[in-house]
Amino acid sequence: MEISKALVSGLAGAVALTITHETLRRLVPEAPRMDVLGMRAISKIMKKAGAQPPADDTLRTWAMVGDVVSNSLYYSLAGAGKDTWLRGSLLGAGAGAGAVLLPGPMGLGTDPSNRTNSTRAMTVGLYLLGGLVAAAVGSALACDDKDC
């Protein structure tokens, strides 16, 4: 599969994840707050580098852009071919598990992704959705190259 097609499928997965997350966080009180984790991570890095983090609005924008870019690259690994759906599922589930398990040990707090069972389930589900969308787009783009 061409790199450009892999990147397009990764971007589709990242955009699906981000839109769903932003919708959930506005409507559901127990929704994960991955935006808060991103903001905390950027602030922590900037403070360690001796820089002053920007205002929350700017910080949120930076976190959103960083999430879309990094998730696009990550989900592009789903690629295409016979194992696309398996790779997309495993990438999504793995990212979701990491989003639940890693923020605490990384010093970013646990509440944004680990507050309740519902929060944990939604966190894993969001990332799984991203992996499945990337797999679906990767499969569709691979069919453009041949008759499926």
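What this report covers is the structure whose coordinates are included nearby. (Residues numbered from 1 in each chain as written. Predicted model: local features only at pLDDT ≥ 70, side-chain atom pairs only at ≥ 80, totals over all residues. Heavy atoms only, no water.)

### Some points on the overall build of the protein
Move 1: Tallying secondary structure elements over the protein gives six helices and zero strands in all.
Move 2: For the protein, the N- to C-terminal ordering of α and β elements is α-α-α-α-α-α.
Move 3: Over its C-alpha trace the protein gives a radius of gyration of 16 Å, about what one expects of a compact globule, namely 15 Å for 148 residues.
Move 4: The principal-axis extents of the C-alpha atoms in the protein amount to approximately 55 × 35 × 25 Å.
Move 5: The buried share of the protein, taken over its 148 residues, is 39%.
Move 6: Partitioning the intrachain contacts of the protein with sequence separation of at least 6 by distance along the chain shows that 71% fall at a separation of at least 24.
Move 7: Accessible area for the protein stands at about 7,900 Å²; split by element, carbon and sulfur atoms hold 65% of it.
Move 8: Computing the positive centroid from 14 side-chain charges and the negative centroid from 12, the protein places the two 8 Å apart. (Helix = DSSP H or I, 4+ residues; strand = E, 2+ residues; numbered from the N terminus. Rg over C-alpha atoms; globule rule 2.2 N^0.38 Å. Buried < 20%, exposed > 50% of the residue type's maximum accessible area, 1.4 Å probe, protein only. Contact = heavy atoms within 4.5 Å. Areas by Shrake-Rupley, 256 points an atom, 1.4 Å probe, with all protein chains shown as cover. Lys, Arg positive; Asp, Glu negative; His and termini not counted. Charge placed at Lys NZ, Arg CZ, Asp CG, Glu CD.)

### Things to note about a nonpolar patch on the surface
Move 1: On the surface, a cluster of nonpolar side chains totalling about 470 Å² of accessible area is made up of Ile3, Leu7, Val65, Val69 and Leu73.
Move 2: When contributions to the nonpolar patch are tallied by element, the ones reaching two or more residues are α1 (3-27) and α3 (56-75). (Patch = residues over 30% accessible without salt bridge, like charges linked within 9 Å, V, L, I, M, F, W, Y side chains within 5 Å. Salt bridge = Lys/Arg side-chain N within 4 Å of Asp/Glu carboxyl O.)

### Details of α1
Move 1: Compared with the 36 Å implied by 1.5 Å per residue over 25 residues, the 36 Å span of α1 between its first and last C-alpha is a close match.
Move 2: Among the residues of α1, those classed as buried are Lys5, Ala6, Ser9, Gly10, Gly13, Ala14, Ala16, Leu17, Thr18, His21, Glu22 and Arg25. (Expected span 1.5 Å × (residues − 1).)

### Observations concerning the pattern of salt bridges
Move 1: Throughout the structure, instances matching the rule amount to five salt bridges.
Move 2: We note a salt bridge from aspartate 35 to arginine 33, for which the minimum N-O separation is 2.7 Å.
Move 3: With a relative accessible area of 1%, aspartate 35 lands in the buried category.
Move 4: You can call arginine 33 partly exposed: its relative accessible area is 24%.
Move 5: Several salt bridges converge on common partners, so that one network encompasses Glu22, Arg25, Arg26, Arg33, Asp35 and Arg60.

### Some points on the packing of helix α2 (residues 34-48) against α3
Move 1: At a minimum axis separation of 8 Å, α2 and α3 run at an interaxial angle of 105 degrees. Considered as vectors, α2 and α3 are oriented roughly perpendicular to each other. Seen from α2, the contacting residues are Met34, Asp35, Gly38, Met39, Ile42, Ser43 and Met46; seen from α3, they are Asp56, Leu59, Arg60, Trp62, Ala63 and Asp67.
Move 2: Looking at the contact of α2 with α3, its residues break down into seven nonpolar, two polar and four charged. (Axes fitted to C-alpha atoms, helices over the stretch in contact; angles between N-to-C directions. Parallel < 35°, antiparallel > 145°, perpendicular 65-115°, else oblique. Nonpolar A, V, L, I, M, F, W, Y, C, P; charged D, E, K, R; others polar.)

### Focus on the nonpolar core
Move 1: Formed by Leu17, Met34, Leu37, Tyr75, Ala78, Leu91, Ala95, Ala99, Leu108, Leu126, Tyr127 and Ala134, the largest nonpolar core amounts to twelve residues.
Move 2: Contributions of two or more residues to this core are made by α2, α4 (84-101) and α6 (117-145).
Move 3: Not counting chain neighbours up to four residues away, the residues in contact with methionine 34 comprise His21, Asp67, Ala99, Ser113, Thr123 and Tyr127. (Core = buried A, V, L, I, M, F, W, Y, C linked by side-chain atoms within 4.5 Å.)

### Here we look at α3
Move 1: The terminal C-alpha atoms of α3 lie 27 Å apart, and with 20 residues this matches the ideal 28 Å at 1.5 Å per residue to within 8%.
Move 2: What α3 keeps buried is the set Leu59, Ala63, Asn71, Ser72 and Tyr75.

Shape is all these values report; function is a separate question.
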